[in-house]
Amino acid sequence: MRIIEFIKRLFHREKTIEIKQKKDLNSPKKIKQKKDLNPPKKMKQTYVAKSTNYLDEQLDLFKTIQPGHLVFCRMPVCEDNLVDINNPHRIRPFLIIKKDKEYLYGYAGSTKKKNPKIQYTLKDGHKDKKTGTFSDSYLYLNNVYRIPIQNIKGILKQVSNKDLIQIQRKIQLLKNSNVYHIDLFENIEFTFEIGDIVEYKSSLYFLSKIQGDKIYGYICSNTNGNLELKGLNLFINTDMERKIKPDPHGLKYIFNMNVNRYVNKQLKKENKEVLELKEDAYISRNVSYYNYYPIGTILKDINTDEEIVYLFHYQRIPRCAKMEELYNDSYSVWQFTPKYFDVEDELTINGIKDMLEGFLSKKSRMKEVNKPFIPILEMEYKKLKKQTKKVR
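Since the structure is predicted, the reported quantities are computational estimates derived from the model, not experimental observations.

**Student:** What should I look at first to understand the overall build of the chain in this one?
**Tutor:** Counting its regular elements, the chain contains 10 helices and 19 strands. Relative to its 392 residues, the chain shows a buried fraction of 39%. For the chain, contacts bridging at least 24 residues in sequence account for 60% of all contacts bridging at least 6. Working note: accessible area of the chain is about 26400 Å², and carbon and sulfur atoms make up 50% of it.

**Student:** What is the right way to read the packing of aromatic side chains from this model?
**Tutor:** Describing an aromatic ring pair means giving the distance of the ring centres and the angle of the ring planes. This structure, assessed with the given rule, holds eight aromatic pairs. With 5.4 Å between their ring centres and 90° between their planes, Y314 and F373 make a pair best called edge-to-face. Note that Y314 is positioned in strand β16 (residues 307-314) and F373 in the loop between α9 (362-365) and α10 (374-391), a separation of 59 residues in sequence. Just as Y314 is buried, F373 falls in that class too. Counting every residue linked through ring pairs, the aromatic cluster contains Y310, F336 and F341. The side chain of K99 reaches across the aromatic face of F62, ending 4.5 Å from its centre. Just above the ring of W334 sits the side chain of K322; from NZ or CZ to the centre is 3.9 Å.

**Student:** Help me understand the side chain of R319, please; the structure alone is not making it clear to me.
**Tutor:** Its location among the elements puts R319 in strand β17 (residues 317-322). With no salt bridge to any partner, buried R319 finds its closest opposite charge in E380, at an N-O distance of 13 Å. Apart from residues no more than four positions distant in its own chain, R319 is found in contact with Y310, L311, F312, Y314, V333, W334, Q335, F336 and F373.

**Student:** Help me understand the sheet that holds strand β8 (residues 197-200), please; the structure alone is not making it clear to me.
**Tutor:** Paired through their backbone hydrogen bonds, the strands of a sheet run either parallel or antiparallel. An order of β11-β12-β10-β9-β8-β13 is seen for the six strands of this open sheet, with the pairing classed as antiparallel. The open sheet is flanked by β11 (227-229) and β13 (251-253), the only strands paired with a single partner. Across the sheet, the mean angle from the axis of one strand to that of its neighbour is 50°, orientation sign disregarded. With seven bridges joining them, strand β9 (residues 203-211) and strand β10 (residues 214-221) adopt antiparallel strand pairing.

**Student:** What is the right way to look at the environment of D329 in this model?
**Tutor:** Within the secondary structure, D329 is located in the loop between α7 (323-327) and β18 (334-335). Considered as a pair, D329 and S364 are 35 residues apart in the sequence and their alpha carbons are 9.9 Å apart.

**Student:** Whenever I open this one, the environment of D301 confuses me. Can you help?
**Tutor:** Residue position: D301 is located in strand β15 (residues 297-301). Take D301: its relative accessible area is 12%, and that puts it in the buried class. For D301, the side chain forms a polar contact with the main-chain nitrogen of N303, separated by 2.7 Å.

**Student:** Would you mind showing me how to read the pairing of β9 here?
**Tutor:** Looking along a regular strand, one sees the side chains alternate between the two faces of the sheet. Bridge count for β8 against β9 is four bridges, and the pairing is antiparallel. In the strand pairing of β9, V198 is matched with Y205. A loop of two residues connects β8 with β9, the two strands running antiparallel in sequence, and K201 in this loop sits at a positive phi of about 50°. Where β9 hands over to β10, the hairpin turn is made up of two residues, of which G212 adopts a positive phi near 65°.

**Student:** Please explain a positive patch on the surface as it appears in this structure.
**Tutor:** A surface patch of like charges, here positive, comprises K201, K214, K243 and K245. Its place among the elements puts K201 in the loop between β8 and β9.

The rules behind these values
- Residues numbered from 1 in each chain as written.
- Predicted model: local features only at pLDDT ≥ 70, side-chain atom pairs only at ≥ 80, totals over all residues.
- Heavy atoms only, no water.
- Helix = DSSP H or I, 4+ residues; strand = E, 2+ residues; numbered from the N terminus.
- Buried < 20%, exposed > 50% of the residue type's maximum accessible area, 1.4 Å probe, protein only.
- Contact = heavy atoms within 4.5 Å.
- Areas by Shrake-Rupley, 256 points an atom, 1.4 Å probe, with all protein chains shown as cover.
- Phe/Tyr/Trp six-rings, centres within 6.5 Å; stacked < 30°, edge-to-face > 60°.
- Lys NZ or Arg CZ within 6 Å of the ring centre and 35° of its normal.
- Lys, Arg positive; Asp, Glu negative; His and termini not counted.
- Salt bridge = Lys/Arg side-chain N within 4 Å of Asp/Glu carboxyl O.
- Pairing = 2+ DSSP bridges.
- Axes fitted to C-alpha atoms, helices over the stretch in contact; angles between N-to-C directions.
- Polar contact = N/O pair within 3.5 Å; in protein donor to acceptor, adjacent residues only side chain to side chain.
- Patch = residues over 30% accessible without salt bridge, like charges linked within 9 Å, V, L, I, M, F, W, Y side chains within 5 Å.
- Charge placed at Lys NZ, Arg CZ, Asp CG, Glu CD.

Pasting the structure below:
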């Protein structure tokens with residue numbers, strides 16, 4: 001019996017009884033966390049990192065581009081930031097101020113005029129892709145962009161030296177006004193102009209004469225003076241002219257030509273010596289022309305490989321000479337469409353001189369196609385002579 005009981009115990013073990021805990025009807029409920037409707041945003045990258053993912057054509061353009069070129073580039077910001085920018089505005093003109101081995105640095109252009117204090121108006125600085133027409137571009141001078149090679153799309157034009165000097169002056173003014181993240185051109189010297197207001201030895205002066213290295217100015221103040229500059233609460237004392245040596249960091253105001261003409265009117269009324277104001281040649285002689293590229297820039301047709309030499313824009317129409325004709329001592333002014341041409345090279349100073357002399361010869365002057373442009377070609381020739389004298 002004992003053996004049988006022992007065997008039963010082996011095969012019929014008692015199961016352990018699990019005691020289940022009763023649910024507490026008043027137990028505290030778990031509180032679900034609400035989703036934050038305004039979670040902190042991740043910091044967006046504001047620049048494009050260095051990359052070797054660019055085309056050979058882009059590298060060739062990078063090697064060609066120099067400070068002073070207006071270049072079409074994709075906005076150099078990361079993809080997250082590009083989402084907030086409309087497609088047509090993701091590629092825009094940039095005025096290049098310097099370059100290193102891997103990047104371009106420049107100011108962005110826009111077709112919208114927002115803040116004149118930090119903008120510079122560049123005439124015909126924007127080119128419409130579809131129509132090929134030009135419109136004014138407004139350069140934002142409050143921020144320099146670093147542009148990698150893979151963002152380069154093409155060269156629009158070389159900005160005129162006249163514009164570059166004025167842009168340099170405006171950048172200097174902004175730097176003096178404590179606007180940060182901006183740089184000056186490395187290859188352009190700062191110049192003062194008649195009508196500037198500068199600070200020199202704790203006093204303000206309205207520049208009245210610039211004769212080489214000698215600079216003269218009228219004393220300005222907020223109270224005393226015989227000539228009021230409206231809107232600035234500033235008076236000029238034209239009876240007190242002094243020789244001064246201002247520093248670029250002392251530049252306080254830049255006026256347009258209208259203000260200087262107003263000053264001259266007042267000086268004439270008082271029978272005093274007027275300011276020697278620089279007028280653009282095409283304004284004083286009623287010739288509406290201007291330069292998109294430097295005269296002598298060689299352009300190449302993207303379809304036929306024909307080479308032309310850029311002369312000027314007259315009444316908003318680009319004019320050129322054909323390289324093949326120049327080789328044969330034939331000189332005629334032609335029209336061309338910029339969107340079908342790329343910048344290839346440029347003539348030497350002697351080459352430009354020979355070309356202009358050819359246009360101004362008796363034979364070329366008699367051509368009907370050249371007659372409307374002889375005054376412009378004469379002015380360009382005089383400007384070239386002055387430049388060569390300075391170099392010597």
